[in-house]
Amino acid sequence: EYLRQKEAELRERMTHMTRVSTMGEMASSIAHEVNQPLTAIATYAQACGRLIDQGMLESSEAREVLGKIGQEAIRAGDIIRRLRNLVHRRPPELMQCDLVQLLEEVAPLAMVDARLNDVELTIRAPGSVPPILADGIQVQQVLLNLIRNGIDAMAKTPPGERLLEVKIATSGGGRVVVSVTDRGAGVPDVGEEELFAPFFTTKPSGLGLGLSISRSIITAHGGTLSFGRNADRGTTFFFTLPEAAAAEPCEGDKETNE
Ligand code: ADP
């Protein structure tokens, strides 16, 4: 019993550390990223002011510049909003969860997304999967991120061949593995570190936060998130999560606050 409590404490502390260091790394790239739209807004506003002073501002021009300012503000807001999801996220509430059920809960959403993009989504799970110790909502966020990315990757795949498979399996070593396999264009030819770095994106309106946030969530759960290039076509992203020890009480973490 004592050991189990120590283990829970240690796990909580590790989770906290991982979160803090990832955020520290992210802070500088975020500052840089938000700074760009803000600089653009300031520049547009100054230019407008100067034109007004010179009595040279046509209202059609003013409207155009205001439109640009609005767009940049939305972009900055978008970055902040996604970030707030990350920063204000409560510490993961680790509970025994059923991964299949978590997946089933997000499936309808994923199905809609898939159908809108002519993607056939299949879900494979064994009849029984051991419970995992996880924050269900965060894990669902990761699932949706990976599914979304898989769908995006198949934009140029002929419609009949757009298959996305989400699979749950047990690995034997006390871990459950989830894989998301697409038949898309394949990941860009950059190193793994760059691919997972905050703000790396190849999409015109992408933010490049999905993979880095997903990896930080999975790492904080004591799992790993990685990918492989499929032999024929596309990519498989997969993550592992530790199985909850069979004897772990459901309402475990309640009294182990710092
Ligand atoms: P975003 O989706 O906003 O670009 P992500 O961090 O989720 O941000 O992804 C970063 C980049 O990784 C994507 O822009 C894309 O180039 C690449 N990527 C992610 N998932 C896939 C995938 N399944 N197939 C091909 N490329 C991918």
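Cut-off values and rules
- Residues numbered from 1 in each chain as written.
- Predicted model: local features only at pLDDT ≥ 70, side-chain atom pairs only at ≥ 80, totals over all residues.
- Heavy atoms only, no water.
- pLDDT = per-residue confidence, 0-100.
- Helix = DSSP H or I, 4+ residues; strand = E, 2+ residues; numbered from the N terminus.
- Contact = heavy atoms within 4.5 Å.
- Pairing = 2+ DSSP bridges.
- Axes fitted to C-alpha atoms, helices over the stretch in contact; angles between N-to-C directions.
- Buried < 20%, exposed > 50% of the residue type's maximum accessible area, 1.4 Å probe, protein only.
- Core = buried A, V, L, I, M, F, W, Y, C linked by side-chain atoms within 4.5 Å.

### Concerning the confidence of the model for the chain
Any segment with low pLDDT has predicted coordinates that should not be analysed in fine detail.
In step 1: Within the chain, residue pLDDT values average 84, and 84% of them lie at 70 or more.
In step 2: Averaged pLDDT values for the elements of the chain fall to 74 in helix H1 (residues 2–53) and rise to 97 in strand E6 (residues 225–229).
In step 3: Confidence drops under a pLDDT of 50 for residues 246–258, and excluding neighbours within four residues, the segment shows 11 contacts in the predicted structure.

### Thoughts on the pairing of strand E4 (residues 163–170)
In step 1: Pairing analysis gives five bridges linking strand E2 (residues 120–124) to E4, with the strands arranged parallel. Bridge assignment links Leu 121 to a residue of E4, and that residue is Leu 164.
In step 2: Sheet topology note: the E4/strand E5 (residues 175–181) ladder contains six bridges and is antiparallel. The residue bridging Ile 168 from the neighbouring strand is Val 178, located in E5.

### Considerations on the sheet that holds E4
In step 1: Spatially, the five strands line up as an open sheet ordered E2-E4-E5-E7-E6, and their pairing is mixed. Strands with a single pairing partner mark the edges of an open sheet, and in this sheet they are E2 and E6. For this sheet, the mean angle separating the axes of adjacent strands, direction not counted, is 15°.
In step 2: Of the strands in this sheet, E2, E4, E5 and strand E7 (235–242) are in contact with helix H3 (residues 99–116), which crosses E2 at around 175°.

### Notes on helix H6 (residues 210–220)
In step 1: Where burial is concerned, most of H6 is hidden: eight out of the 11 residues are buried.
In step 2: Three or more residues of H6 are buried, namely Leu 211, Ser 212, Ile 213, Ser 214, Ser 216, Ile 217, Ile 218 and Ala 220.
In step 3: Gly 222 occupies a position one or two residues after H6 and carries a positive phi of about 80°.

### Some words on the nonpolar core
In step 1: In this structure, Leu 99, Val 139, Leu 146, Leu 164, Ile 168, Phe 237 and Phe 239 are the most contacted members of the largest nonpolar core, which totals 45 residues.
In step 2: Ranked by residue count, the leading element in this core is H3, at seven residues.
In step 3: Those residues in contact with Leu 146 that sit more than four places away from it in its chain are Val 180, Leu 211, Leu 225, Phe 237 and Phe 239.

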